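# A structural walkthrough
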Amino acid sequence: MRDLVRSPLTASAALILAICPVISGCTASAAPPPSGIPGHPAAASHAAASHAPGPAPSAGPPGSGLGQSSASSTRRSLPAPPDRREPGAAPVMMVLGDSFTVGSGPVPRWRAYACQAARLLGWQPVVAGAGGTGYLNRGRAGRTFQQSYEEELAWRPAPDVLVVSGGHNDQRWSAEQVGRAAARLVRDVRVGWPATRVVLVGPIWLEAAPAKALRIRDTLAAVARREGVEFLDPLRRRWVSGDPSVVVLPDGVHPTPAGHLMLARWLARSLRS
């Protein structure tokens, strides 16, 4: 310490070294994003960060009911966040869904069909949700689509497009129950983001779908008609035409990278039309 007092230069150097970590942390968080292809994981991360005005509302423990009610009341009591995008920026597409949307097994999030579709469109993706979740099913993440929307998306500036893709994991409930949960979610989205294009994607089954999935599909289509939003039906397409292992992982449910690319091309064409 006596050496630092006797030498002003040494004291200054010590002061600079002490504050450098703080400056580095600030500049790192404010650094401009990579100018790569929309849909690249770095671009997706930047889209999520650049549209976030602050931390998400706190959600109570799974099953407590605190997260859903507190997030809803907070969102309704606060003004909508401003649109912070610069003129000419790529459209923002938010996608809320299950393991098909966020990726599973050997397929990471940035190679799942949601990010791949955004890349094909030249849009910025923000992907939310978790494997095993649905309109009513909480999965291992402990939250429904409604809760994922409130905790991950609702507090952000409005996107150009919101895609809600699911229903595969909701077979424990009646189609009517699933429909009511979907209608509530759509209405909340329309209140918070009135100018956002909303698209519901029905449950995804790459091979033969069970009868319950068809009933859920029909109910979600009816909800979309009543609420005035778009509906896309993956069950109308034949995804496997040859060797199933090209499109479906060994679990018999989830897509391979090639299967995700097929879904991405279908979704991109549907959103472009």
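See the structure printed just above.
Only a predicted model underlies this, so the values are computations on that prediction, with no experimental measurement involved. (Residues numbered from 1 in each chain as written. Predicted model: local features only at pLDDT ≥ 70, side-chain atom pairs only at ≥ 80, totals over all residues. Heavy atoms only, no water.)

Here the focus is the pattern of salt bridges. In this structure the tally under the stated criterion is 7 salt bridges. Note that Arg 217 and Asp 218 form a salt bridge whose closest N and O atoms lie 2.6 Å from each other. Owing to a relative accessible area of 16%, Arg 217 belongs among the buried residues under this scheme. Relative accessible area serves as the criterion here: at 43%, Asp 218 is assigned to the partly exposed category. Residue Asp 233 pairs with Arg 217 through a salt bridge whose shortest N-O separation is 2.7 Å. Here Arg 217 lies in helix H9 (residues 211-227) and Asp 233 lies in the loop between strand E5 (230-232) and helix H10 (257-272), a separation of 16 residues in the sequence. Salt bridges linked by common partners bring Glu 150, Arg 184 and Asp 188 together as one network. (Salt bridge = Lys/Arg side-chain N within 4 Å of Asp/Glu carboxyl O. Buried < 20%, exposed > 50% of the residue type's maximum accessible area, 1.4 Å probe, protein only. Helix = DSSP H or I, 4+ residues; strand = E, 2+ residues; numbered from the N terminus.)

With that out of the way, let us pick up helix H6 (residues 113-121). For an α-helix, the turn length of 3.6 residues means that residues three or four places apart are oriented alike. Of all 9 residues that make up H6, 7 are buried, and the element is covered over most of its length. For H6, the full list of buried residues reads Tyr 113, Ala 114, Cys 115, Gln 116, Ala 117, Ala 118 and Leu 121. Gly 122 sits one or two positions beyond H6 and adopts a positive phi of about 75 degrees.

Here the focus is the packing of aromatic side chains. Across all of its chains, the model carries 3 aromatic pairs by this definition. On the basis of an interplanar angle of 65 degrees and a centroid distance of 4.9 Å, the ring pair of Tyr 135 and Phe 145 is categorised as edge-to-face. Taken together, the residues Tyr 135 in the loop between strand E2 (124-129) and helix H7 (145-153) and Phe 145 in helix H7 connect sequence positions 10 residues apart. Assessed through its relative accessible area of 3%, Tyr 135 is described here as buried. According to the relative accessible area criterion, Phe 145 is buried, its value standing at 0%. Geometrically, the ring pair formed by Tyr 149 and Trp 193 is edge-to-face, given 5.5 Å between the ring centres and 85 degrees between the ring planes. You can see Tyr 149 sitting in helix H7 and its partner Trp 193 sitting in the loop between helix H8 (175-192) and strand E4 (197-201), a full 44 residues away along the chain. As far as the burial class goes, Tyr 149 and Trp 193 line up, both buried. (Phe/Tyr/Trp six-rings, centres within 6.5 Å; stacked < 30°, edge-to-face > 60°.)

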